[in-house]
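# Report on the structure
Chain residues, written in single-letter form:
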Amino acid sequence: MDSILNIRMLNKSYIGGFSLRDVAFSLPEGCITGFIGVNGAGKTTVIRSILGLSARDSGQIHFFGLDFDKNERQIKDRIGVVLDAESFYEALSLAEMKDIIAPSYTRWSEAEFREYLDRFELHPK
């Protein structure tokens, strides 16, 4: 089975002493994965580093066999992430959230967006 994600020698240090050292793992295609650990263990730092939301100090990240550093836009077009904290203000409508999110995807489908609004009976405003 092919790996959908490969992480090798991921390192990230913060001022104050916390650091990730030589994190390495791979995820096979089709698996469901969760990070479990005590507060402060580095779960969020690993995820943020993998997604390029925090600059890593070193390491290699490959999604779908592609180097993340060289193919970030293409890779991010193919993945979805739900973090544990809300990312948008509750006051934003679905239409306003779409206006923020859609430009991030080169293959955004307005038709598919509308289909989900209809399917779940959601009003864009």
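Throughout what follows, the structure given in this document is the object of discussion. Predicted model only: the values in this text are computed from it and were never measured.

Here we come to a nonpolar patch on the surface. Taken together, Tyr116, Phe120 and Leu122 make up a surface patch of nonpolar side chains, about 300 Å² in accessible area. Its location among the elements puts leucine 122 in the segment after α4 (110–119).

This part takes up the environment of alanine 24. Relative to the assigned elements, alanine 24 resides in strand β2 (residues 19–28). Along the backbone, alanine 24 and asparagine 11 are 13 residues apart, and their C-alpha atoms lie at a distance of 9.7 Å. Residues contacting alanine 24, with those up to four places away along its chain left out, are Ile7, Arg8 and Met9.

A few words now on the environment of glycine 40. Topologically, glycine 40 is positioned in the loop between β2 and α1 (43–50). For glycine 40, a relative accessible area of 60% corresponds to the exposed category. Note: C-alpha distance between glycine 40 and phenylalanine 18 (22 residues apart in sequence) is 8.7 Å.

Below, the discussion takes up unusual backbone geometry. Here aspartate 22, not a glycine, exhibits a phi torsion of approximately 50°, which is positive. With respect to the helices and strands, the residue aspartate 22 is situated in strand β2. Take aspartate 22: its relative accessible area is 43%, and that puts it in the partly exposed class. With a phi close to 50°, glutamate 121 is a non-glycine residue in the positive phi region. Relative to the elements of secondary structure, glutamate 121 occurs in the segment after α4.

Calculation criteria
- Residues numbered from 1 in each chain as written.
- Predicted model: local features only at pLDDT ≥ 70, side-chain atom pairs only at ≥ 80, totals over all residues.
- Heavy atoms only, no water.
- Patch = residues over 30% accessible without salt bridge, like charges linked within 9 Å, V, L, I, M, F, W, Y side chains within 5 Å.
- Areas by Shrake-Rupley, 256 points an atom, 1.4 Å probe, with all protein chains shown as cover.
- Salt bridge = Lys/Arg side-chain N within 4 Å of Asp/Glu carboxyl O.
- Helix = DSSP H or I, 4+ residues; strand = E, 2+ residues; numbered from the N terminus.
- Contact = heavy atoms within 4.5 Å.
- Buried < 20%, exposed > 50% of the residue type's maximum accessible area, 1.4 Å probe, protein only.

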